[in-house]
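What follows is the residue order along each chain.
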Amino acid sequence: MTRYDSGKKGPLIEMKGVTKEYHPRKSFFSKAGNKVLALNAINLSIQRGEIFGLVGQSGSGKTTTGRLLVKLEEPTRGKIRLNGERINDLAGEALKNFRSKVQMIFQDPYQSLNPHLSIAETILEPLMVHDIGTRESRRQKVVDILETVGLKPGADYYSRYPHQLSGGQRQRVAIARAIVLEPEFVVADEPTSMLDATIAIQLFRLITRIREQFNMTFLFITHNLAAAKYLCDRVAVIHEGHIVEVNTAENIIKSPEHPYTKKLIQVQPGFRYNR
Amino acid sequence: MKGRLLLNNHYIRRFVKGWEIFIKNPVGKAGILILSVFMVMALASFCLPLLDPMYDPMTGIDPDIILSTPPSISHWLGTDNVGRDILAQLLEGAKVAFIVGLSSAFFSIVLGTVIGMVSGYAGGWVDALLMRMADIIMVMPSLVILLILASLFGQFNIWLIVFIIAILRWPAVSRVIRSQTLSLKQRPFIEASRVAGASHMRIIFRHIMPNVLPLAFLYMTFRVTSAILVEAALSFLGFGDPSQVSWGMMLQWVWKSGHMFQAPYWLIPPGISISLLTLAFYMLGRAMDEVLDPRLRKEGQS
Amino acid sequence: MSLLCVKNLSVGYETKAGLIKAVDNISFDLEKGRPLGFVGESGCGKTTIGMTLMGLLPDNAVLLGGSMEFAGKDLALLSEAQWRAVRGSEVAMIFQAAMNALNPVYRVDDQVKEAIVTHNPDICDSDLNKRVQELFDLVEIPQERIHDYPHEYSGGMKQRVIIAMALACSPDLIVADEPTTALDVIVQDQILKGLKEIQSKFNTGLIFISHDIAVVASVCEDICVMYGGQIVEKGRCKEVFSKPRHPYTKTLLGAYLSLDNEESIVIPEMGEMPDLTMKSGCCRFSVNCTVCSTACRTDRPQWIDISPTHQALCCDEGFIKDKP
């Protein structure tokens, strides 16, 4: 089921000294205006097959990190490596090849699907762009992947349109689109923050199942520390463009070291209850 | 380019839904009504000369009449100063108005949409260059340009007029399409396509275009009105295509032959027709506006 | 003593698809000094309740029945003119993402002043300024910042201004609809603490609406769990959380992720959205309930007492009263 050699050594993803600055321009001619430092020389490494959590509040730089890893934006400074190879200057065929290995699940299920395209067309797009299979085999792959993400029977959902689906179902379609090429690495940018808790739990279960079935690596970006603890193997806490702590999910809650992490744990609203 | 737009009942369903909203609007109803009348007139223009060659708008001469006469049984709107039937000319003018209006609108929309999408999507110097060109063209007074060209090169063929109107009128469309593209560019589903590896061409024609087309069609209705008016003005001033009978041409003949005040039956029909047809297209545009922009809809319709 | 007494309230929306009953025959009491929370997921009707209590329903909404007894009058019968007198002075609202409700071209203290002057047109300037200072102190915004523009404030500060505006005329009831959803978790903690302090200091009635059960638990004393426009379980928070009885409450608690989850989470099987056009009085949770029988789909659920201060709405009395 995997397309790559999982015997490779070293981390799957490596970020070294990555900085991202934004320069809001005052006008076409001047570059004046304060620069915004979204990421400040961060280092991160993600192992093959793990679900890695990145926890931060708004403005911390967590979304920017995700966008840099899928090359929606480029870092101002620093290196990013996939399987040991630099991805900073990819273009043309090499870039397309990269895109077949790294995919993204977006936050807003109401905006991440083109309303004019059917579910099938949305999921077919990556297959068509990368010229995979024949018309028949592609159709079958779409039906299969729909069932994998829990939309059964796949043939029913094939011709439907996003507006006919609920938020949770749309997000499953977004997941299907992200995994149809069986990429090595998927960035999930707050995939459940716009969904109800009962639906979010089902999607976490789905992501865990997908990781086991395809041996995929995930970066799970969230503002919710409890969700990260539930889903992830290791967790990094990011604050104002700096990674302040990295540890296993259990240890980061049990024995936090950085004061910001401690604060996050302290302010989490909790209560006593039975099931 | 792989993957055609799959035209299936999704588009038909949206069209039907749009139609329902459109037809409830009194302005839309009135516009459609007026337009249908003119469409029937334009189609009738093919039939009339077949009835009797005397009804041909350009060459049809009633053997009994050689000057302008008021309405009568054989000539419902009367005749012009050489005895040609005015109603036949009016019908022919309707046909010409539709052809000129719709074709030049169509070409300016195609041009404006493509340039607007490319400009909005590419950004940077491409965007700057195209929009400066658009600005320059937009400030040019199209009628004056056409008159200058006409006086330099003589009479225009009707298709040349259509073409030049299109060239002078695309900027207005492109601005609107460009800003629509700019806002679409940031939408997550566009970014998702980029991450999937889609080429720029694919994103523009498969994702952006279907979202801007409704707006393009809306603007087409406005282009039609201005094209009809420009052609009428040109013809009236004597620079139109002499082989075509258009309403503007009719007005020119009335004036030139000195019948302005003596023959109201000749003067009024083309004048009213120009006003009504442009009004109808304008009403169409306003009603379409309500279909396209959910915020303008009345309560309980969205 | 009940500050607000709602009986058999039903609210619907007219849409092209017909009448959607967003709130179906709900009844609850708000005790003075005991904040009441409404918790539920999308489509449960909690926001509609908030809007109804403020008379802010949109044009296509219809009050289908019921009464809302508050301070000697029935809010369900008020005209728009009467609402204008009540809104802000007796009942105030804190909206979701309310920081966008601040007008960017006016200074912050001017906007708070406007809220006061609307209901006290004869107030003199010195009293007005004193009141504004009091309010900003109450929400812990430093005095030197009160003359700023909204864009100079952080999200948390803007929300505090909104709370100050809600308190401006010392209302007897505050309705807070997801007041901290758009905020950082650290800021949220500050706001919730502040809200609790203010509520206990002035003994204001507080209705707190949220999808986040933990937030409701940290602020409220009493809770109503909502599903599909119906209240399915209500009572004192302590009791509801220690002995949840309704299958939906159990599902909701089961899906809650906390930092110290030692047990495994129960993954709910829920897939269907609630049917809001269902006949009045039927159990709307039956489409998703794992323990319901066919009888549940047609029978009318009744309020079953688990204790004098804890009830659940269900067709199956035996199920509710048994130990789980």
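Residues numbered from 1 in each chain as written. Chains lettered and ligands numbered in written order. Predicted model: local features only at pLDDT ≥ 70, side-chain atom pairs only at ≥ 80, totals over all residues.

**Considerations on the overall build of chain A**
Secondary structure summary: chain A contains 10 helices and 10 strands in total. A globule of 275 residues ought to have a C-alpha radius of gyration of about 19 Å, and chain A, at 19 Å, matches this closely. Projected onto its principal axes, the C-alpha coordinates of chain A cover approximately 60 × 55 × 45 Å. For chain A, the residues scored as buried account for 47% of the 275 residues in total. (Helix = DSSP H or I, 4+ residues; strand = E, 2+ residues; numbered from the N terminus. Rg over C-alpha atoms; globule rule 2.2 N^0.38 Å. Buried ≥ 20, exposed ≤ 12 C-beta atoms within 10 Å, placed from the backbone.)

**A word on the interface of chain B and chain A**
At the junction of the two partners, chain B supplies 18 residues and chain A supplies 23 residues. Secondary-structure elements contributing two or more residues to the side of chain B that touches chain A are helix 7 (188–196) and helix 8 (200–236) of chain B. With eight residues, helix 7 of chain B is the largest single contributor of residues to the side of chain B that touches chain A. For the side of chain B that touches chain A, the residue count by class is eight nonpolar, six polar and four charged. (Contact = placed C-beta atoms within 7 Å. Nonpolar A, V, L, I, M, F, W, Y, C, P; charged D, E, K, R; others polar.)

**As for helix 7 (residues 197–214) of chain A**
Think of an α-helix as turning once every 3.6 residues; residues three or four places apart then point the same way. Taking 1.5 Å per residue as the helical rise, helix 7 of chain A with its 18 residues ought to reach 26 Å, and the 26 Å between its terminal C-alpha atoms agrees with that figure. Those residues of helix 7 of chain A lying buried are Ala197(A), Thr198(A), Ile199(A), Ala200(A), Ile201(A), Gln202(A), Leu203(A), Phe204(A), Ile207(A) and Ile210(A). Of the surrounding elements, those touching the buried residues of helix 7 of chain A are helix 6 (167–179), strand 7 (185–189), strand 8 (217–222) and helix 8 (225–231) of chain A together with helix 9 (247–254) of chain C. Note on helix 7 of chain A: the residue one or two positions beyond its end, Asn215(A), has a positive phi of about 55°. (Expected span 1.5 Å × (residues − 1).)

**Things to note about the interface of chain C and chain A**
Contacts between the two partners involve 32 residues from chain C, matched on the other side by 28 residues from chain A. A total of five residues in the side of chain C that touches chain A trace back to one element, the largest contributor, which is helix 9 of chain C. Class assignment of the residues belonging to the side of chain C that touches chain A gives a composition of 19 nonpolar, eight polar and five charged.

**Overview of the sheet that holds strand 7 of chain A**
All names here are of chain A. Reading across from one edge, 6-7-8-3-9-10 is the order of the six strands in this open sheet, with mixed pairing throughout. A single partner strand is all that each edge strand has here, and the edge strands are strand 6 (102–105) and strand 10 (242–248). On average, each strand axis in the sheet is tilted by 20° relative to the strand beside it, whichever way the strands run. Here helix 1 (residues 62–69) sits on the sheet in contact with strand 3 (51–55), strand 6, strand 7, strand 8 and strand 9 (234–239), set at roughly 150° to strand 8. Contacts from helix 10 (residues 259–267) reach strand 9 and strand 10, with the element oriented near 100° to strand 9. (Pairing = 2+ DSSP bridges. Axes fitted to C-alpha atoms, helices over the stretch in contact; angles between N-to-C directions.)

**A few points about the packing of helix 3 (residues 86–122) of chain B against helix 10 (residues 264–292) of chain B**
Residue and element names in this part refer to chain B. The contact between helix 3 and helix 10 brings their axes to 11 Å, and the two run at 20°. It follows from the interaxial angle that helix 3 and helix 10 lie roughly parallel. Our pair here, helix 3 against helix 10, has a crossing hand that is right-handed. Contact with helix 3, carried on its side by Ile86, Leu90, Gly93, Ala94 and Ala97, involves Tyr265, Trp266, Pro269, Pro270, Ser273 and Leu277 of helix 10 and no other residues of that element. Split by residue class, the contact of helix 3 with helix 10 holds nine nonpolar, two polar and no charged. (Parallel < 35°, antiparallel > 145°, perpendicular 65-115°, else oblique. Left-handed = near helix turned anticlockwise from the far one by under 90°.)

**Overview of the pairing of strand 1 (residues 13–22) of chain A**
Residues and elements named next belong to chain A. Relative to strand 4 (residues 77–82), strand 1 runs antiparallel, the two sharing five bridges. Looking at strand 4, one finds that methionine 15 is bridged to isoleucine 80. Direction of pairing for strand 1 relative to strand 2 (residues 36–46): antiparallel, over a ladder of seven bridges. From the neighbouring strand, isoleucine 13 faces strand 2, where its bridge partner is isoleucine 46.

**Section: unusual backbone geometry**
If a residue is not glycine, its phi is most likely negative; likewise, a peptide bond is most likely trans. A cis geometry characterises the amide bond from Lys152(A) onward to Pro153(A), with omega recorded as -10°. In this structure, Pro153(A) sits in the loop between helix 4 (135–148) and helix 5 (154–158). A positive phi angle, close to 45°, is found at Glu178(C), a residue other than glycine. Even without glycine at this site, Asn203(C) takes up a positive phi of about 55°. Among the secondary structure elements, Asn203(C) is positioned in the loop between helix 6 (185–202) and strand 8 (205–210).

**Let's talk about the packing of helix 3 (residues 119–129) of chain A against helix 6 of chain A**
Residues and elements named next belong to chain A. Across the interface, helix 3 lies against helix 6 with an axial gap of 8 Å and an inter-helix angle of 25°. As summarised for this structure, helix 3 and helix 6 are arranged roughly parallel, according to the angle between their axes. In the packing of helix 3 onto helix 6, the handedness of the crossing is right-handed. Seen from helix 3, the contacting residues are Ile119, Thr122, Ile123 and Pro126; seen from helix 6, they are Val173, Ala176 and Arg177.

**Observations regarding the nonpolar core**
Membership of the largest hydrophobic core comes to 234 residues, with the highest contact counts inside it found for Val186(A), Leu219(A), Phe220(A), Val112(C), Ala164(C) and Ile207(C). If one sorts the elements of this core by residue count, helix 8 of chain B sits on top with 16 residues. Not counting residues within four places of it along the chain, the set of residues in contact with Leu219(A) comprises Ile46(A), Phe52(A), Leu54(A), Gly66(A), Leu69(A), Val187(A) and Ala188(A). (Core = buried A, V, L, I, M, F, W, Y, C linked by C-beta atoms within 7 Å.)

**Remarks on the sheet that holds strand 6 (residues 91–94) of chain C**
All names here are of chain C. In spatial order, the strands read 6-7-8-3-9-10-12-11; together these eight strands make up an open sheet with mixed pairing. The open sheet terminates on both sides in strands that have one partner only, identified here as strand 6 and strand 11 (302–307). Neighbour to neighbour, the strand axes of the sheet diverge by 20° on average, direction disregarded. The pairing of strand 3 (residues 36–39) with strand 8 spans four bridges and is parallel. Among the inter-strand pairings, phenylalanine 38 is bridged to a residue of strand 8, identified as isoleucine 209. Strands in contact with helix 5 (residues 155–167) are strand 6 and strand 7 (173–177); relative to strand 6, the strand with the most contacts, it is inclined by about 170°.

**Focus: the environment of Cys283(C)**
Residues and elements named next belong to chain C. Along the chain, cysteine 283 turns up in the loop between helix 9 and helix 10 (294–298). Cysteine 283 sits 16 residues away from aspartate 299 along the chain, and the two C-alpha atoms are 7.8 Å apart. Setting aside anything within four residues of it in sequence, one finds cysteine 283 in contact with Cys296, Pro301 and Cys315.

**Some words on the environment of Arg14(B)**
Residue and element names in this part refer to chain B. Along the chain, the position of arginine 14 falls in helix 1 (residues 9–24). A count of 15 C-beta atoms within 10 Å places arginine 14 in the partly exposed class. Sequence separation between arginine 14 and valine 139 is 125 residues; the distance between their C-alpha atoms is 37 Å.

**So, the confidence of the model for chain C**
Residues and elements named next belong to chain C. Summary statistics for chain C give a mean pLDDT of 86 and a share of 94% for residues scoring 70 or more. Ranking the elements of chain C by mean pLDDT puts helix 10 last, at 74, and strand 3 first, at 95. Across the whole predicted complex the pTM is 0.83, and at the interface the ipTM reaches 0.88. (pLDDT = per-residue confidence, 0-100.)

**Regarding the confidence of the model for chain A**
Of all residues in chain A, 93% have pLDDT values of 70 or greater, and the mean over the chain is 90. Across residues 1–5 of chain A the pLDDT falls below 50, and counting only partners more than four positions away or on other chains, this stretch makes six contacts in the model.

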